[in-house]
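In case you want the letters, here they are:
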Amino acid sequence: MQTPQKKINLETLKFLEIIDEIKETNRLLNANPKTYSAIAGIIYPSDRTIFTKLKTGIRKKIPLDALVNLATYFRVDMNYIFFEGFEMNYFPEVVMNSNNKKTIDTKISLEQLKIINKNEHNALALAMSLYEKLEQVMKKLELTIENQSVSNVK
């Protein structure tokens with residue numbers, strides 16, 4: 001006979017979603033850490049199996065140390081976990097390859113990202129699209145400034 005699945009609270013589910021987002025984004029970008037164990041080693045080094053324990057209900061609450069370390073190391077807004085209406089905002093600021101310590105050049109389209117990211121979390125896609133829109137606005141602004149300076153010279 002199967003044991004009934006223990007109920008996991010909403011905050012824990014959202015915490016695990018962030019962990020999945022970090023894992024999948026880092027795997028996609030070939031950045032470290034890209035495994036659950038490596039992420040757990042950073043945010044809760046005293047128990048690298050914390051995510052499994054939270055998923056199975058063995059552990060009922062997220063340790064405060066894990067929340068603090070997650071927020072500070074990965075710069076994730078913890079409002080996502082505790083309040084409705086906040087977006088998951090993980091985007092690695094500096095993507096480094098641990099072998100050669102050089103910045104990785106990532107050329108990924110939004111469509112490729114949507115296909116690759118099985119969890120359908122779109123924090124990276126959102127950041128990329130915002131960056132592209134900002135770049136377009138900056139180009140328009142430069143053209144406007146150039147046109148105004150040409151008009152002033154006449």
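Cut-offs and rules
Residues numbered from 1 in each chain as written. Predicted model: local features only at pLDDT ≥ 70, side-chain atom pairs only at ≥ 80, totals over all residues. Heavy atoms only, no water. Core = buried A, V, L, I, M, F, W, Y, C linked by side-chain atoms within 4.5 Å. Buried < 20%, exposed > 50% of the residue type's maximum accessible area, 1.4 Å probe, protein only. Helix = DSSP H or I, 4+ residues; strand = E, 2+ residues; numbered from the N terminus. Contact = heavy atoms within 4.5 Å. Axes fitted to C-alpha atoms, helices over the stretch in contact; angles between N-to-C directions. Left-handed = near helix turned anticlockwise from the far one by under 90°. Nonpolar A, V, L, I, M, F, W, Y, C, P; charged D, E, K, R; others polar. Arc of directions from axis to C-beta. Phe/Tyr/Trp six-rings, centres within 6.5 Å; stacked < 30°, edge-to-face > 60°. Lys NZ or Arg CZ within 6 Å of the ring centre and 35° of its normal.

(A) Just the nonpolar core, in detail. If you look at the biggest cluster of nonpolar residues, it comprises 23 residues, and the most contacted ones within it are Phe15, Ile18, Ile22, Ile43, Phe51, Leu70 and Phe74. Of all the secondary-structure elements, those providing two or more residues to this core are α1 (10–29), α2 (36–43), α3 (50–56), α4 (64–74) and α5 (79–82). Looking at which element gives the most residues to this core, the answer is α1, with five residues. Apart from residues lying up to four places away in sequence, Leu70 is in contact with Phe15, Ile18, Ile19, Ile22, Ile43, Arg75, Val76 and Met78.

(B) Just the packing of α1 against α4, in detail. Running from amino to carboxyl end, α1 crosses α4 at an angle of 35°, the nearest separation of the two axes being 12 Å. Like other packed secondary-structure pairs, α1 and α4 cross with a definite hand, here left-handed. Touching Phe15, Ile18, Ile19, Ile22 and Asn26 of α1 are Ala66, Leu67, Leu70 and Phe74, all from α4. Its residues placed into classes, the contact of α1 with α4 shows eight nonpolar, one polar and no charged.

(C) A look at α4. Where α4 is concerned, the buried positions are Ala66, Leu67, Leu70 and Phe74. Along the long axis of α4, the arc covered by the buried residues comes to 100°, so they all point the same way. Seen from the open side of α4, the exposed residues pointing more than 90 degrees away from its buried face are Leu64, Asp65 and Thr72. For α4, the secondary structure elements touched by its buried residues are α1, α2 and α5.

(D) Layout of the packing of aromatic side chains. The final tally for this structure, using the stated rule, is three aromatic pairs. Their ring planes at 50° and their centres at 6.2 Å tell us that Phe15 and Phe51 sit as a pair that is tilted. On the criterion of sequence distance, the pair formed by Phe15 in helix α1 and Phe51 in helix α3 is long-range, its members being 36 residues apart. Considered together, Phe15 and Phe51 belong to a single accessibility category, that of buried residues. Where Tyr73 meets Phe74, the ring centres are 4.7 Å apart and the plane angle is 80°; that geometry is what we call edge-to-face. Of the residues examined, Phe74 reaches a relative accessible area of 5% and is grouped as buried. Counting every residue linked through ring pairs, the aromatic cluster contains Phe15, Tyr36 and Phe51. Directly above the aromatic system of Tyr80 lies the positively charged group of Lys14, at a separation of 5.1 Å from the ring centroid. One Lys or Arg, Lys55, reaches over the ring of Tyr36 and ends 4.4 Å from the middle of that ring.

All quantities given are derived from atomic positions and should not be read as evidence of function.
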